[in-house]
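What follows is the residue order along each chain.
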Amino acid sequence: MKKEVLPEKMPLSIEPNPSPLQDMTLLQRDYVSGEVTLFYLRKKDPGGRNDLMFCVIEFLPPWLEKGPEEDTEYRLGGSSNYTVHFRRVHLPVNDALQLYQDFRQKKPVHIPQLSGEIKKKEGPWDLECSAFGEEPSWPHLQCEPVGDFFWEACPFWGFRPGGVRRHQLVPIRRSHPLNSLNPQERRRCREWLMRKLHFDLESRPIHIGSCHLVLPNPLFSNVGHHFDADRTRMHIRLMPFPGADLSTLSIILREFRPGGMGQVHSCSLDNNVVTVSFGYDPYKLGWDVVCSQRGVLFSLGPSMFIRSVHFNLGIVTQARKIYVPDKELRRIEETYSTNVVTSSSPIVVGEQSIPSGTVEIIKDIVEYDQKNKYAWHQDWFDDVSNAKKKLRELIGRATRLVRIVDPYLGIREFQSFALATTNAQVTIQILSSAVYLKVKKKGHNNENGEELLNHLGGLSRSGKINQVDVRVMPGNKPEIHDRFLVIDDQVWVLGSSLNEFGSRGTVMVRLPYPDVILLNINRIWENSSEKLEKFVSSRK
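Residues numbered from 1 in each chain as written. Predicted model: local features only at pLDDT ≥ 70, side-chain atom pairs only at ≥ 80, totals over all residues. Heavy atoms only, no water.

Draft legend 1. Looking closely at the overall build of the protein. Secondary structure assignment for the protein yields 11 helices and 27 strands. Relative to the globule expectation of 24 Å for 540 residues, the C-alpha radius of gyration of the protein, 31 Å, shows a markedly less compact shape. Projecting the C-alpha coordinates of the protein onto the three principal axes gives extents of approximately 95 × 80 × 75 Å. Residue burial in the protein is summarised as follows: out of 540 residues, 43% are buried. Taking the contacts inside the protein whose residues are at least 6 apart along the sequence as the reference set, 70% of them involve residues at least 24 apart. Taken as a whole, the protein presents about 31000 Å² of accessible surface, with 51% of it coming from carbon and sulfur. Side-chain charges in the protein split into 70 positive and 64 negative, and the spacing between the mean points of these groups amounts to 5 Å. (Helix = DSSP H or I, 4+ residues; strand = E, 2+ residues; numbered from the N terminus. Rg over C-alpha atoms; globule rule 2.2 N^0.38 Å. Buried < 20%, exposed > 50% of the residue type's maximum accessible area, 1.4 Å probe, protein only. Contact = heavy atoms within 4.5 Å. Areas by Shrake-Rupley, 256 points an atom, 1.4 Å probe, with all protein chains shown as cover. Lys, Arg positive; Asp, Glu negative; His and termini not counted. Charge placed at Lys NZ, Arg CZ, Asp CG, Glu CD.)

Structure representation (structure tokens):
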């Protein structure tokens, strides 16, 4: 029998999305200049340096107004050697792209000059930059999604008509210029930057020392849409900029069901209006506008469509006045009022058109998420051994910092928990209180504070301990009441002091947004507490 020979399969070749950064002619056709917004920290002393703090290079299309060129500096205190500088410069498109390439390729980056500026003789003019990692891979761009969380997606200047695309260079080391400042200089620098940048640079640490290339949409300002009355057909309209050619564009629509992806529709544009027929009422929709020369220009969704609104209308029928007595129940200490609603009426606006099967799946997903979303962020303890095991595991994960805030922490708690660190480079910080450390235990010659200081001294001399810093909150009522465990950038709230943790029912909860808590703990640590050595010395 003759053996049949099958033809060899040719490998499938997929071309990546085109990028305008590879076509200087196209780039210069879309944009008229590059606006460089630069912040850097200068140390004014012999051999001083300029450290990059933040830079955005934005290509400006003809209809986007230029910001005025500017060069401003701010000294961080009368005796400080540091000044922070803001510079806005306009460059030709090719020069602006070359500046970004110098950042990317780790070439010497010179501070760009203002129009007609003569370089000053004093001070260095090169920027010191961290090692960068890029996102996405060069020369591709990421399209900022247009959605509900506007400021999370667009942290810099806010909305640009038609959205923007971006390439980012982010430092791959945690160290950044602000770490060289003392607390007062850092606070002044942060406040000045907030006035100039209009967002808090320190709240987004990844942006400190970063550089960003921003390309606004060069073809259209918005994508509008509306449905027919029966919601089975959708009309999409692009609003082009004057003279823009939309023939290179196509639209991809993605429908999302509660359990996953639904239908996908792809449409070419003959003009600026497209009609898509679904044949049913879609649940969630997202869409992308793609250019055959420039790649993805616009991305939206997925977004839900409001079909009906349900709410209760409550009527206030009385005001209740409450009197709060003092601790001895002898006099009124406080009075407050509250409005009371004794009846309410449900109101429905619109008609719910979601199929019953879809409604049941949504209910199941919501109930499951509510039960499980934060389950691993919290624990209940009524057993000392399990409580100790959990705390020691958390402390053992630290890579940079362990900070324990507990007004009743002494030698026993320090030994039991703080030394559970597994990384010798981790700094251990303890914030205790005078209320506990000035007490002398029965049968002991020294107060708790002096005993803790002597104990730490012995550990330090042995050479088998991490760097430890203990501070004391003064007064009869410590400024912090709750107990906190800080592991690197995570913060846990403890329901009781460590000396009894787990002996009775208590909880431990990880905070989802710890920045405000960390800011206040740092403030008390820096300004309202004193070192253990000084506290013990003053007690003697």
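Draft legend 2. Just empty space enclosed by the protein, in detail. Using the criterion set out here, one finds 2 cavities of 30 Å³ or more in the structure. In this structure, the second largest cavity occupies an estimated 30 Å³ of space. Surrounding the second largest cavity, Leu391, Ile395, Ile404, Phe417, Leu485, Leu494 and Leu498 form its lining. For the lining of the second largest cavity, the residue count by class is 7 nonpolar, no polar and no charged. (1 Å grid on protein atoms, 1.4 Å probe; cavity = no way out; pocket = protein on both sides within 12 Å on 5 of 7 lines; lining within 4 Å. Points joined across faces, edges and corners; volume = space filled by probe spheres on them. Nonpolar A, V, L, I, M, F, W, Y, C, P; charged D, E, K, R; others polar.)

Draft legend 3. Up close: the side chain of threonine 506. You can see threonine 506 is positioned in strand β26 (residues 506-510). Overall, threonine 506 belongs to the buried group, its relative accessible area being 7%. Every residue in contact with threonine 506, bar those within four places of it in the chain, is listed here: Asp379, Trp380, Phe381, Gly495, Ser496 and Phe501.

Draft legend 4. Region of interest: the pairing of strand β2 (residues 50-60). β2 sits mainly inside the fold: 11 of its 11 residues count as buried. Examined bridge by bridge, strand β1 (residues 33-43) and β2 share 10 bridges and lie antiparallel to one another. Each residue of the ladder has a partner; that of glycine 34, found in β2, is phenylalanine 59. Pairing geometry for β2 and strand β6 (residues 126-128), over 2 bridges, is parallel. Among the inter-strand pairings, aspartate 51 is bridged to a residue of β6, identified as glutamate 128. Pairing of β2 with strand β10 (residues 210-216) involves 5 bridges; the strand directions are parallel. (Pairing = 2+ DSSP bridges.)

Draft legend 5. View of the nonpolar core. In terms of nonpolar packing, the biggest core is built from 34 residues, with Leu485 and Leu532 touching the most fellow members. For this core, the leading source of residues is helix α6 (residues 384-396), giving 4 residues. Leave out the neighbours within four places in its chain, and leucine 532 touches Leu437, Gly449, Leu452, Leu453, Leu456, Val470, Arg471 and Val472. Of all hydrophobic cores here, the second largest spans 30 residues; its members include Leu21, Val89, Phe132 and Leu169. (Core = buried A, V, L, I, M, F, W, Y, C linked by side-chain atoms within 4.5 Å.)

Draft legend 6. Quick peek at the environment of histidine 444. Examined against the element boundaries, histidine 444 turns out to sit in the loop between α8 (434-437) and α9 (448-462). Once the C-alpha coordinates of histidine 444 and valine 472 are considered, the two residues, 28 residues apart in sequence, prove to be 21 Å apart. A distance of 2.7 Å separates the side chain of histidine 444 from the side chain of glutamate 451, its partner in a polar contact. (Polar contact = N/O pair within 3.5 Å; in protein donor to acceptor, adjacent residues only side chain to side chain.)

Draft legend 7. Representation of the sheet that holds strand β14 (residues 260-268) in the model. Reading across from one edge, β14-β13-β16-β17 is the order of the 4 strands in this open sheet, with antiparallel pairing throughout. The open sheet terminates on both sides in strands that have one partner only, identified here as β14 and β17 (295-304). Taken pair by pair, the neighbouring strands of this sheet meet at an average axis angle of 15°, ignoring direction. Two elements, strand β13 (residues 249-257) and β14, share 7 bridges in a ladder whose sense is antiparallel. Residue pairing in the sheet places arginine 254 in a bridge with valine 264 of β14. (Axes fitted to C-alpha atoms, helices over the stretch in contact; angles between N-to-C directions.)

Draft legend 8. Representation of helix α11 (residues 532-539) in the model. Those residues of α11 that fall on the buried side of the exposure criterion are Leu532, Phe535 and Val536. All buried residues of α11 fall inside an arc of 95° around its axis, so they share one side. Projecting away from the buried face of α11 at angles above 90 degrees are the exposed residues Lys534, Ser537 and Ser538. Contacts made by the buried residues of α11 are with α8, α9, β23 (468-473) and β27 (530-531). (Arc of directions from axis to C-beta.)

Draft legend 9. Spatial organisation of the packing of aromatic side chains. Under the counting rule described, the total for this entry stands at 11 aromatic pairs. Where tryptophan 63 meets phenylalanine 241, the ring centres are 3.8 Å apart and the plane angle is 25°; that geometry is what we call stacked. Taken together, the residues span a long stretch of sequence, with tryptophan 63 in the loop between β2 and β3 (70-75) and phenylalanine 241 in the loop between β12 (233-240) and β13 at a distance of 178 residues. Take tryptophan 63: its relative accessible area is 33%, and that puts it in the partly exposed class. Ring centres of tyrosine 408 and tyrosine 436 lie 6.3 Å apart, and the angle between their planes is 70°; this geometry places the pair in the edge-to-face category. Here tyrosine 408, found in the loop between β21 (401-405) and α7 (411-416), pairs with tyrosine 436, found in helix α8; they are 28 residues apart in sequence, far enough to count as distant. An aromatic cluster is present here, built from Phe39, Tyr74, Phe86 and Trp192 joined pairwise through their rings. Between the NZ or CZ atom of arginine 231 and the centre of the ring of phenylalanine 227, over which it lies, the distance is 4.9 Å. Positioned above the aromatic ring of phenylalanine 417, the side-chain terminus of arginine 392 is 5.8 Å from the ring centre. (Phe/Tyr/Trp six-rings, centres within 6.5 Å; stacked < 30°, edge-to-face > 60°. Lys NZ or Arg CZ within 6 Å of the ring centre and 35° of its normal.)

Draft legend 10. A look at the confidence of the model for the protein. Model confidence for the protein is summarised by a mean pLDDT of 85, while 91% of its residues fall at 70 or above. Counted against residues more than four places away or in other chains, residues 148-153, with its pLDDT under 50, gives 8 contacts. (pLDDT = per-residue confidence, 0-100.)

Draft legend 11. Structural detail: the pairing of β26. Sheet topology note: the strand β20 (residues 378-381)/β26 ladder contains 4 bridges and is antiparallel. Opposite tryptophan 380, over in β26, you have valine 507 as the bridge partner.

Draft legend 12. Region of the structure containing the sheet that holds β12. Spatial strand order, β11-β12-β15: 3 strands in an open sheet with antiparallel pairing. Where the open sheet ends on each side, the last strands, each with one partner, are β11 (220-227) and β15 (273-277). Mean inter-strand twist for the sheet, computed between neighbouring axes without regard to direction, equals 20°. Across 5 bridges, β12 lies against β15 in antiparallel orientation. Residue pairing for β15: isoleucine 236 is matched across the bridge by valine 274.

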